[in-house]
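# Per-entry structural report
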Amino acid sequence: MNINLGNKKLNISKTYLVLGIILVLSVILILIVGNKKNSNSIMCTLKNSNDSGSFTSVYSGNFKNDQLDTLIIDYKNEPTSSYLDMIDAIYNNYERQLKELKSAGGYNYKLNKDKKYVSYKVTIDINKIPDSTKEVVGFNNEWSLEKFKKNLEDNGFECK
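Below is a summary of the structure that appears in this document. The shown structure was predicted, so the numbers you read here are calculated from the model rather than taken from an experiment. (Residues numbered from 1 in each chain as written. Predicted model: local features only at pLDDT ≥ 70, side-chain atom pairs only at ≥ 80, totals over all residues. Heavy atoms only, no water.)

Before going further, it helps to spend a moment on the overall build of the protein. Of regular secondary structure, the protein possesses four helices and eight strands. Mapped in sequence order, the helices and strands of the protein form the string β-β-α-β-β-β-α-β-β-α-α-β. For the protein, the residues scored as buried account for 27% of the 160 residues in total. Considering only contacts within the protein whose residues lie at least 6 apart along the sequence, 49% involve residues at least 24 apart. Of the accessible surface of the protein, which amounts to about 11100 Å², a share of 53% is contributed by carbon and sulfur atoms. (Helix = DSSP H or I, 4+ residues; strand = E, 2+ residues; numbered from the N terminus. Buried < 20%, exposed > 50% of the residue type's maximum accessible area, 1.4 Å probe, protein only. Contact = heavy atoms within 4.5 Å. Areas by Shrake-Rupley, 256 points an atom, 1.4 Å probe, with all protein chains shown as cover.)

This next bit is on unusual backbone geometry. Positioned with a positive phi, N65 is a non-glycine residue whose angle comes to about 50°. On the secondary structure map, N65 appears in the loop between β4 (53–64) and β5 (67–79).

Attention shifts here to the environment of F139. With respect to the secondary-structure elements, F139 resides in the loop between α3 (131–137) and α4 (145–154). Spatially, the C-alpha atom of F139 lies 7.0 Å from that of I126, the residues being 13 residues apart in sequence. What F139 contacts, discounting residues up to four positions off in sequence, is L68, L71, Y107, I124, I126, I129 and K134.

Before going further, it helps to spend a moment on the nonpolar core. Core analysis: the largest hydrophobic core is formed by 29 residues, its most contacted members being Y120, I124, F139 and F148. Residue assignment for this core shows that the elements contributing at least two residues are β3 (39–50), β4, β5, α2 (87–103), β6 (107–113), β7 (118–125) and α4. Examining the composition of this core, we find that five residues originate from one element, α2, more than from any other. (Core = buried A, V, L, I, M, F, W, Y, C linked by side-chain atoms within 4.5 Å.)

Here the focus is the side chain of N77. Tracing the sequence through the fold places N77 in strand β5. A relative accessible area of 7% means that N77 is categorised as buried. Among all residues touching N77, those that are not within four sequence positions of it are S54, F55, I90, Y94, K116, Y117 and V118.

What follows is about α2. The end-to-end C-alpha distance of α2, which contains 17 residues, comes to 24 Å, matching closely the 24 Å that a straight helix rising 1.5 Å per residue would cover. For α2, the full list of buried residues reads I87, I90, Y91, Y94 and L98. Taken down its axis, α2 places every buried residue within 95° of arc, on the same side. Along α2, the residues that are exposed and aim more than 90 degrees away from the buried face are E100 and S103. Next to the buried residues of α2 lie β5, β6 and β7. (Expected span 1.5 Å × (residues − 1). Arc of directions from axis to C-beta.)

Quick look at the packing of aromatic side chains now. The tally for this structure, following the rule as stated, stands at five aromatic pairs. With 5.0 Å between their ring centres and 70° between their planes, Y59 and F157 make a pair best called edge-to-face. Remark: F157 occurs in the loop between α4 and β8 (158–159) and Y59 occurs in strand β4; sequence separation between them is 98 residues. For F157, a relative accessible area of 11% translates into the label buried. (Phe/Tyr/Trp six-rings, centres within 6.5 Å; stacked < 30°, edge-to-face > 60°.)

Turning our attention to the side chain of S60. Relative to the helices and strands, S60 is located in strand β4. For S60, a relative accessible area of 17% corresponds to the buried category. Discounting chain neighbours no more than four positions away, the residues touching S60 are I42, M43, T70, L71 and I72.

Written out as structure tokens, the structure is:
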């Protein structure tokens, strides 16, 4: 519907469309800003190498209300050429350990193998780990973002 305002015409449907878009964008912005107050994340990386190969660990922590909620661990082991014949043994060892971890509850993993490396990604939902297991593995809700960061930095990780 067009309304004539002297030398201007107002298209009501376009006006409502623009107002609707502004309203939707405002709600999205409020949700994003509001969620940032209760949710934070950090990513910490450690790279090492020695005669047997190079190793990269990336720990990504997601926090809600300043408590660790989800931890994602990406790990890559790249053996030197003299250790490449051990790729299958390395893979099998990681697989055995990760299966044990998953059976505790709250853990999921993906394990990969190539001719030159073995890698895995472990996702840990802290709230799904049984309380008895939390204490054993150190996830007893005492991991604030600052404590998490300090602990990893004290162990050689670089955090962002």
